2 protein chains.
Amino acid sequence: MSKFNVELKRVVDDSYEIEIGYDLKTSLANDVTGGIFGSIKKLAIITDTNVEKLYARDICKMLIDLGFSAELFVFEAGEKSKTREVKARLEDEMLSHAYRRDCAVIAVGGGVVTDLAGFLAGTFARGVPFINYATTLLAAADASVGGKTAVDTPLATNLIGLFNQPKKVYIDIASWKTLDKRQFSSGLSETIKHACLASSELFEYLENNINKILDNDKESCTHIANENCKIKYSVVMKDERESGLREVLNLGHTVGRAIETVSEYKLLHGEAVAIGLVAQARLSNRLGYMNDGEVERLIRLLESAGLPVSIPDYIDRDLLVKKLYTDKKVRNGQLRFVIQNGIGDIVCFGDNVYSTPIDECTAKEIIDIM
Amino acid sequence: MSKFNVELKRVVDDSYEIEIGYDLKTSLANDVTGGIFGSIKKLAIITDTNVEKLYARDICKMLIDLGFSAELFVFEAGEKSKTREVKARLEDEMLSHAYRRDCAVIAVGGGVVTDLAGFLAGTFARGVPFINYATTLLAAADASVGGKTAVDTPLATNLIGLFNQPKKVYIDIASWKTLDKRQFSSGLSETIKHACLASSELFEYLENNINKILDNDKESCTHIANENCKIKYSVVMKDERESGLREVLNLGHTVGRAIETVSEYKLLHGEAVAIGLVAQARLSNRLGYMNDGEVERLIRLLESAGLPVSIPDYIDRDLLVKKLYTDKKVRNGQLRFVIQNGIGDIVCFGDNVYSTPIDECTAKEIIDIM
């Protein structure tokens, strides 16, 4: 018998910049020309059928004019495209267009595009560099920090994927104005969640500026994009692999995800999360961590952002409770909830524990009054 | 406009141990019990239909007896199974058996199993730990060091995948005796390649001990497994991402891979590489880097290992040359070859350059005399 040690201790630097601004195509052009991908000349621009016409074609043309070999790889817009099959089709298209190791990926779009393209870049030729050009508020709030990329499968959401960091993220606020109002409101839900869990200042800012934000005001949109990144960053940095603290980002998502499924995706993700935020606030109120006035403030802010705050009539509440308590995460009949502590803080239940077990009976009582 | 820096500089330690020995199931049991996967209790044993009966069932039973939750996930043996579709099917099976983030993967088998399972482990729940229990000489020579995992697609071999390091590699020499003779000889081809490029001592050892090795002698098999790891390790360590030096591992593979394809996989990978090794030796001889005696020694060693040393008659030589020179790697009509320098060394053509361009006419002349 013999043993052999493979030594692979090394310093890895995945640091990157997030640029937040109004129309960042020129900035992207400067970065690519300036060598953000080193000497790579072959670029794959991955986008969806919506964003293709709005931004991706322009970016592609611009890069070709600058002397790069750039092509568009487009898939049908929507969460339903975030699959292994669509990833495989895009890979085959890239391979048949002679893309090999020496290429880079530019994701242009919302969260579905950045999730799918980031995962694809991570496994194409065992990893090629990529950048995210985020065109939605949700992508700005969600996909810009943390490096999570993934696809959905019939049996699990976001479970097949990678931690893969982009070389840079662009948050183009100008692109938000082309989002339809419902999509934009849905995206605001994650921003409100971030305010609830970490910043009473951001919460107040949202209360005072929600109409300007809905009107795509440059300054206030830049402010919330910034604060979103800051909060997510501070949470993710402290806990890069989601063992403890990162759990707080699930605020409102326990009930939210279940409602999203039971609604058969009639509710957008952010809409379902808005209802989930109200559910955890009512739970927090009952446990003594939020007073009635604080719950009211949350409900009013969500409403003013154009988001639902109660469970729609077409949703079967018994089915919803059942769905919650047959989840894989249920242990001994209890499901863990992250709970808000007033406005701008999270209840810490012990050393590195940011959730508390709730039984089915209590959950049912909360859901019945919503 | 505003900018925001995400700082992600950190020390990563992916070091691991390779254990080489005769029947290492007990060692594996000790490691898993001793916490090689931390507190993880749910284990997925990935294997193929050949290795399932020979080793994987025993390992699974052993782990269950030790109190772990372990299940077998089996796919059809053969290179044809190394696809995205088989990976997806195994993922779905694991998900339907309630495997989530809190699991680990044990790959039991040859190179196809370790490639596929290592890739799967890297993207399952964005990465779960895995170990390789290598049951073939090829897996020992090829898959134990380097962290390369991948699947094949219709348009490219090994192009969709990851660099993903195992927690440990077991090279079980006892399992080699269940390999059929042709498979075992095919595996020896990579060992001979390693000797050609880095160690005249290993080359001589092989010349003197080839019959003992073919008879699965413990001591000599342990010796070559060790030397294989050492050589691959020294190359890979100096060049972790295959920009320069790692190229030397392609010795014999330029012609080898083309022959493998043109033979429509009638030739095993190692058999095709053996012919490729002779081709590069003849080229080296013509360029003045190997003398006639050295070429003869290589041919005799390959023959004594049961490997082919000339191009089979059923292969169309013109088609082979055409295949070579329509490869994606051809630039300005030239294809780069790694060339052996005597026995146990590689020709260095300049700073960090270990290959030289060869035109179609020269390649045709070499192939015509084989």
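Per chain, the residues get numbers from 1 upward, laid out in the order the sequence is written. Written order decides the labels, with chains lettered from A and ligands numbered from 1. Note on the predicted model: pLDDT of at least 70 is required for a residue's local features to be given, and 80 or more for side-chain atom pairs to be given and counted; whole-chain, interface and lining totals, by contrast, use all residues. Side-chain numbers here rest on the full set of heavy atoms in the structure, without hydrogens or water.

Draft legend 1. Spotlight on the overall build of chain A. Note on conventions: DSSP H or I runs of at least 4 residues are helices, E runs of at least 2 residues are strands, and numbering of each starts at the N terminus. Helix and strand content of chain A: 13 helices and twelve strands. What you see for chain A is a C-alpha radius of gyration of 21 Å, in line with the 21 Å of a compact globule of 370 residues. Each principal axis of the C-alpha distribution contributes one length, and for chain A these read about 70 × 60 × 35 Å. Each residue's exposure class comes from its accessible area (1.4 Å probe, protein chains only) as a fraction of the maximum for that residue type: buried when under 20%, exposed when over 50%, partly exposed otherwise. In chain A, which comprises 370 residues, the proportion classed as buried is 59%. Computation of the radius of gyration draws on C-alpha atoms alone. For the globule rule, the value is 2.2 Å times the number of residues to the power 0.38.

Draft legend 2. How the structure looks around helix 3 (residues 84–96) of chain B. Residue and element names in this part refer to chain B. Given the number of residues in a helix, its expected span is that number minus one, multiplied by 1.5 Å. For helix 3, built from 13 residues, the straight-helix expectation of 18 Å at 1.5 Å per residue is met to within 8% by its first-to-last C-alpha distance of 18 Å. If you check which residues of helix 3 are buried, you get R84, V86, K87, A88, L90, E91, M94 and L95. A98 sits one or two positions beyond helix 3 and adopts a positive phi of about 65 degrees.

Draft legend 3. Structural context of the pattern of salt bridges. We define a salt bridge as a contact between a side-chain nitrogen of Lys or Arg and a carboxyl oxygen of Asp or Glu at a distance within 4 Å. For the structure on display, the rule yields 43 salt bridges over all chains. In this structure, E79 of chain A and K82 of chain A form a salt bridge, with 3.8 Å as the shortest nitrogen-oxygen distance. The network of salt bridges with shared partners includes K3 of chain A together with E17, E19, D31 and K168 of chain B.

Draft legend 4. A look at the interface of chain B and chain A. Across the boundary between the two partners, chain B contributes 63 residues, which contact 63 residues of chain A. By buried area we mean how much accessible surface two parts lose on assembly, using a 1.4 Å probe and totalling the loss over both. Roughly 5900 Å² is buried in total at the junction of chain B and chain A, and carbon and sulfur atoms are behind 56% of that figure. Broken down residue by residue, the surface that chain B buries against chain A is led by F4, L8 and R126 of chain B, which jointly contribute 15%. In this structure, the connection of chain B to chain A is made through nine salt bridges. By the criterion applied in these results, polar contacts are pairs of N or O atoms within 3.5 Å in which, for protein atoms, one can donate a hydrogen and the other can accept it, and in which residues neighboring in sequence qualify only through two side-chain atoms. Linking chain B with chain A are 32 residue pairs in polar contact (both at pLDDT 80 or more). Contributions of two or more residues to the side of chain B that touches chain A are made by strand 1 (2–6), strand 2 (9–13), strand 3 (16–21), helix 3, helix 4 (111–123), strand 8 (148–153), strand 9 (156–163) and helix 8 (218–238) of chain B. Taken together, the residues of the side of chain B that touches chain A break down into 27 nonpolar, 14 polar and 22 charged. In this description, strands pair whenever DSSP reports at least two bridges between them. Sheet topology note: the strand 2 (residues 9–13) of chain A/strand 2 of chain B ladder contains five bridges and is antiparallel. By the bridge assignment for strand 2 of chain B, D13 of chain A is matched with K9 of chain B. Every residue pair with non-hydrogen atoms within 4.5 Å of one another is taken to be in contact. Note that Gly is not counted as nonpolar here; it falls among the polar residues with everything else outside the nonpolar set of Ala, Val, Leu, Ile, Met, Phe, Trp, Tyr, Cys and Pro and the charged set of Asp, Glu, Lys and Arg.

Draft legend 5. Spatial organisation of the relation of the copies chain B and chain A. For the match of chain B to chain A, the screw axis carries a shift of 0.0 Å, the RMSD comes to 0.0 Å, and the turn is 180 degrees. Expressed as a symmetry operation, the mapping of one chain copy onto the other fits a two-fold axis. Using C-alpha coordinates, one finds that chain B approaches the rotation axis most closely at V11 of chain B, a distance of 2.2 Å. The atoms used to superpose the copies are C-alpha atoms, taken from residues with pLDDT of at least 70 in both, and the fit is least squares.

Draft legend 6. Representation of unusual backbone geometry in the model. Residue and element names in this part refer to chain A. Although it is not a glycine, A98 adopts a positive phi angle of roughly 65 degrees. Here A98 shows up in the loop between helix 3 (84–96) and strand 6 (103–109). At R126, a position not held by glycine, the phi torsion is positive, near 60 degrees. If you trace the backbone, R126 turns up in the loop between helix 4 (111–123) and strand 7 (130–134).

Draft legend 7. Representation of the packing of helix 9 (residues 253–262) of chain A against helix 10 (residues 269–287) of chain A. All names here are of chain A. Simply put, an axis is a line fit to the C-alpha atoms, just over the touching stretch for a helix, and the angle between two N-to-C directions goes from 0 to 180 degrees. Close contact between helix 9 and helix 10 brings their axes to 7 Å; oriented N to C, the two are set at 135 degrees. In terms of orientation, helix 9 lies oblique with respect to helix 10. Read as a crossing pair, helix 9 and helix 10 show a hand that is right-handed. Between helix 9 and helix 10, the contacting residues are H253, V255, G256, I259 and E260 on the first element and H269, A272, V273, I275, G276 and A279 on the second. Here the residues of the contact of helix 9 with helix 10 sort into six nonpolar, four polar and one charged. When an angle is under 35 degrees it counts as roughly parallel; over 145 it counts as roughly antiparallel; between 65 and 115 it counts as roughly perpendicular; any other value is oblique. Working rule for handedness: look at the near helix, and if it is turned counterclockwise from the far one by less than a right angle, call the crossing left-handed; if clockwise, right-handed.

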